[in-house]
Amino acid sequence: MKHQDYELLSQYLDAELPAAATSELRLRLMAEPELRATYDRMRSINDDVHEAFNAPGADAVPQRVAKLLQNDSSAINRRAGWGFAVAASLLAATGLLMNPEWRQSPDKPGDTILNAALDTTPSRGDGWETLSDGRKLRPVLSFAHRNGSWCREYLLLQDSQSWRGVACRSQGQWTNSVLDASGVIQGSGSEYRPAGAGDVDAISAYIATHAAGIALSRKQESERIEANWQQ
Amino acid sequence: MPSLSELQREALLAELGGLRKFCLSLTGSAADADDLLQTTVEKVLEKGMPEDAHPAKWAYRICKNAWIDELRSREVRHRYPQTMGQEHEVAPSAEHIASGERQMSAVSNALDKLPEDQRLALTLVAVEGKTYAEAAEILEVPLGTIMSRIARARQNLMDIYTPSRDQD
């Protein structure tokens, strides 16, 4: 047999042979016993090779190797690759400082006022929603978490203090997954900045890592608010 | 030190199982496969990865290069597989190990006799299920070269491979 026939059989076995050549080869396989026998032997060997290295345990990764990647904590905190055009238009500057109380207790439970406001306040690019206790809230985007829950990035303003946070909804409650003041921009409060402009911040890193896709559109977010963020 | 983005790191984590199979098919030994996999991951972490690189293809390429480096650094390769699942949480049954080891041993012995370029090409396609185009990209050779190498590998195996069931 010519080497060219081995190439044909090999490509046929891998489903890499063009359609016309495939039809032609099939006719030959029916007409030429030697070619057929060679193909059967080639396929049998291929099956053995495949099975030998696809046996149970073949893809088992040693824990020490997986930990190498899991422990690589120096990952770049960027939004690269995440389609946040919506976020880009919504992220606004605020120009304020952090709140020590929140820093000490970033997952502070029981903030029913903020919780209720995150349930019902649409995201916006500027302006503030004044809460009943005088704080000002600006949700800036909503997105689906990879675990299936809904999350919202927001800005919160109290007197001369502000925070950027991401809260995710679980069992009817919004819980801060990350809360940070270091990324808050000094400015007038009406400026826009592109998503990723402050790309080394905990908020961007959290979203890049945990978001299941792009941010919700206004329409999608409105539907979620109307549905009280039920799945 | 260069690092990976979160997305690259997660993509690589998801690819580790396939990479481990690739390592096993190259080394024919569970212990050597684990070492090669670790070397691959360490090199990826050390060198980083371009933002536009496909994480899986990049990792396979690093793995291939690491294996070639390893071959160059030692002349004698371990030819006999060791017990699989030494560090693994789910171990296959003893009977399955015995049967799998015999088959893997027979296949590995045959693959050992192939030129390395043929072995790499065949492994990517026959074991990992890569397309010719993907294998060509990983091995950095033209598509036609991949076709030829795989065909030659199979042609050679028909002369040198004896299934383990025939040896019993």
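That block above? That's the structure.
Residue positions are given per chain, counting from 1 as you read along its sequence in written order. Each chain takes a letter, starting from A, and each ligand takes a number, starting from 1, following the order in which they are written. Only residues with pLDDT of at least 70 are given local features in this predicted model, and only at 80 or more are side-chain atom pairs given and counted; all residues enter the totals for whole chains, interfaces and linings. The basis for the side-chain values is all heavy atoms of the structure; hydrogens and waters are excluded.

**Q** For this particular structure, what's the right way to read the overall build of chain B?
**A** The helix and strand labels rest on DSSP assignments: H or I over at least four residues marks a helix, E over at least two residues marks a strand, and numbering proceeds from the N terminus. Secondary structure summary: chain B contains eight helices and zero strands in total. Listing every helix and strand of chain B by position from the N terminus yields α-α-α-α-α-α-α-α. Only protein chains enter the calculation, and the probe is 1.4 Å; a residue is then buried if its accessible area is under 20% of its type maximum, exposed if over 50%, and partly exposed in between. Put simply, chain B has 168 residues, and 57% of those count as buried. Note on contacts: a residue pair qualifies if any of its non-hydrogen atoms lie within 4.5 Å across the two residues. Long-range pairs, those at least 24 residues apart, make up 69% of the contacts in chain B between residues at least 6 apart in sequence. With an accessible surface of roughly 7500 Å², chain B has 47% of that area assigned to carbon and sulfur atoms. Here the open area of atoms and residues is found with the Shrake-Rupley method and a 1.4 Å probe, where only the protein chains shown may cover a residue.

**Q** Explanation requested: the overall build of chain A in the structure shown.
**A** Summing up its helical and strand segments, chain A has nine helices and five strands in all. Contacts in chain A between residues far apart in sequence, at least 24 positions, make up 57% of those at least 6 positions apart. Split by element, the accessible area of chain A, about 11300 Å² in all, is 50% carbon and sulfur.

**Q** Can you help me understand the pattern of salt bridges in this one?
**A** Note on pairing: side chains with opposite charge can pair once their charged atoms come close. All names here are of chain B. Here a salt bridge means any side-chain nitrogen of Lys or Arg lying within 4 Å of a carboxyl oxygen belonging to Asp or Glu. By the definition in use, this model includes 22 salt bridges over all chains. Residue K130 is joined to E15 by a salt bridge in which the shortest nitrogen-to-oxygen separation is 3.9 Å. Of this pair, K130 sits in the loop between α5 (116-127) and α6 (132-139) while E15 sits in helix α1 (residues 6-27), and the two are 115 residues apart along the sequence. Under the relative-accessibility criterion, K130 is labelled buried at 16%.

**Q** Hey, could you run me through the side chain of E6(B) in this one?
**A** All names here are of chain B. As for its position among the elements, E6 is in helix α1. Residue classification places E6 among the buried residues on the basis of a relative accessible area of 16%. A distance of 2.6 Å separates the side chain of E6 from the side chain of R9, its partner in a polar contact. Polar contacts, as used here, are pairs of N or O atoms within 3.5 Å; protein pairs need one atom able to donate a hydrogen and one able to accept it. Residues neighboring in sequence count only if both atoms are side-chain atoms.

**Q** Sorry if this is basic, but what is going on with the state of the cysteines here?
**A** A covalent bond bridging the sulfur atoms of two cysteines is what the word disulfide describes. Cysteine sulfur atoms that pair up within 2.5 Å are treated as a disulfide. Inspection of every chain in the model, using the stated rule, returns one disulfide over all chains. One disulfide bridge connects C151(A) with C168(A), the sulfur atoms lying 2.0 Å from each other. When the S-S torsion is 105°, as for the bridge of C151(A) with C168(A), the disulfide is right-handed. With C151(A) in strand β3 (residues 150-158) and C168(A) in strand β4 (residues 161-170), this residue pair connects regions lying 17 residues apart in the sequence. Assessed through its relative accessible area of 0%, C151(A) is described here as buried. Here C23(B) is not disulfide-linked; the sulfur of C63(B) is the nearest cysteine sulfur, at 3.5 Å.

**Q** Quick question: what am I supposed to make of the interface of chain A and chain B here?
**A** Accessible area lost upon the coming together of the parts is a frequently used measure of interface size. Contacts between chain A and chain B engage 43 residues on the former and 50 residues on the latter. Of all residues in chain A, F53(A), R64(A) and L69(A) give up the largest surface area on contact with chain B, accounting jointly for 17% of the area buried on that side. At the boundary of chain A with chain B, the tally comes to three salt bridges. The closest approach of N and O atoms between R154(B) and D14(A), which form a salt bridge, is 2.7 Å. Counting across the chain A and chain B interface gives 20 residue pairs in polar contact (both at pLDDT 80 or more). Elements with a contribution of two residues or more to the side of chain A that touches chain B: α1 (3-13), α3 (33-52), α4 (63-70) and α8 (202-210) of chain A. Top element by residues in the side of chain A that touches chain B is α3(A). It accounts for eleven residues. Of the residues assigned to the side of chain A that touches chain B, the class counts are 20 nonpolar, 13 polar and ten charged. Accessible area that two parts lose when put together, with a 1.4 Å probe and added across both, is what the buried area reports. Three classes are used: nonpolar for Ala, Val, Leu, Ile, Met, Phe, Trp, Tyr, Cys and Pro, charged for Asp, Glu, Lys and Arg, and polar for all others, with Gly counted as polar.

**Q** Teacher, can you tell me more about the packing of α3(A) against helix α7 (residues 143-160) of chain B here?
**A** Geometry of a packed helix pair, given as the angle between the helix axes and the separation of the axes. With axes taken as lines fitted to C-alpha atoms, and helix axes fitted only over the stretch in contact, angles between N-to-C directions fall between 0 and 180 degrees. Relative orientation of the contacting elements α3(A) and α7(B) amounts to 90°, with a least axis distance of 10 Å. The orientation of α3(A) relative to α7(B) falls into the category roughly perpendicular. Only R154(B), L157(B) and M158(B) of α7(B) make contact with α3(A), whose side of the interface consists of T38(A), R41(A), M42(A), I45(A), N46(A) and V49(A). Its residues assigned to classes, the contact of α3(A) with α7(B) shows five nonpolar, two polar and two charged. Just so you know how the angles are binned, under 35 degrees is roughly parallel, over 145 roughly antiparallel, 65 to 115 roughly perpendicular, and the rest oblique.

**Q** How do you make sense of the sheet that holds strand β5 (residues 173-180) of chain A when you look at a structure like this?
**A** By way of backbone hydrogen bonds, the strands of a sheet pair with one another, either parallel or antiparallel. Residues and elements named next belong to chain A. DSSP calls a pair of strands paired once it identifies at least 2 bridges connecting them. Taken together, five strands build an open sheet; the order of strands is β1-β2-β3-β4-β5 and the sheet is antiparallel. A strand with exactly one partner marks an edge of an open sheet, and here the two such strands are β1 (129-130) and β5. Pairing of β4 with β5 involves seven bridges; the strand directions are antiparallel. Bridge pairing links R164 to D180 in β5.

**Q** What exactly am I supposed to notice about the nonpolar core here?
**A** Note that soluble globular proteins tend to have their nonpolar side chains buried in a common cluster. Buried Ala, Val, Leu, Ile, Met, Phe, Trp, Tyr and Cys residues form a nonpolar core when they are joined through side-chain atoms within 4.5 Å. F53(A), L19(B), L122(B), L139(B), I146(B) and L157(B) are the most contacted members of the largest nonpolar core, which totals 65 residues. Excluding its chain neighbours within four sequence positions, the residues that come into contact with I146(B) are A121(B), Y132(B), A135(B), A136(B), L139(B) and V141(B). Counting 15 residues, the second-largest nonpolar core is a separate cluster that includes L118(A), A167(A), L216(A) and I225(A).

**Q** I tried to follow α7(B) on my own but got confused; where do I start?
**A** The α-helix winds at 3.6 residues per turn, so residues separated by three or four positions along the chain end up facing the same way. How far a helix is expected to stretch is found by multiplying one less than its residue total by 1.5 Å. Its 18 residues give α7(B) an end-to-end C-alpha distance of 26 Å, which sits within 8% of 26 Å, the value for a rise of 1.5 Å per residue. Listing the buried residues of α7(B) in full gives I146(B), S148(B), I150(B), A151(B), A153(B), R154(B), L157(B) and M158(B).

**Q** I keep staring at the packing of aromatic side chains and nothing clicks. Help me out?
**A** Each aromatic ring pair is specified by the distance between its two centres and by the angle formed by the two planes. All names here are of chain A. In this scheme Phe, Tyr and Trp rings, the latter by its six-membered ring, pair at centre separations within 6.5 Å, and the angle between planes marks the pair as stacked below 30 degrees, edge-to-face above 60, and tilted otherwise. According to the stated counting rule, one finds four aromatic pairs over all chains in the structure shown. Grouping aromatic residues by their ring pairs yields a cluster made of W150, W174 and W229. Two thresholds decide whether a charge sits over a ring: the Lys NZ or Arg CZ must be within 6 Å of the ring centre and within 35 degrees of the ring normal. Geometry around W128 places R138 over its ring, the cationic atom sitting 4.2 Å from the centre.

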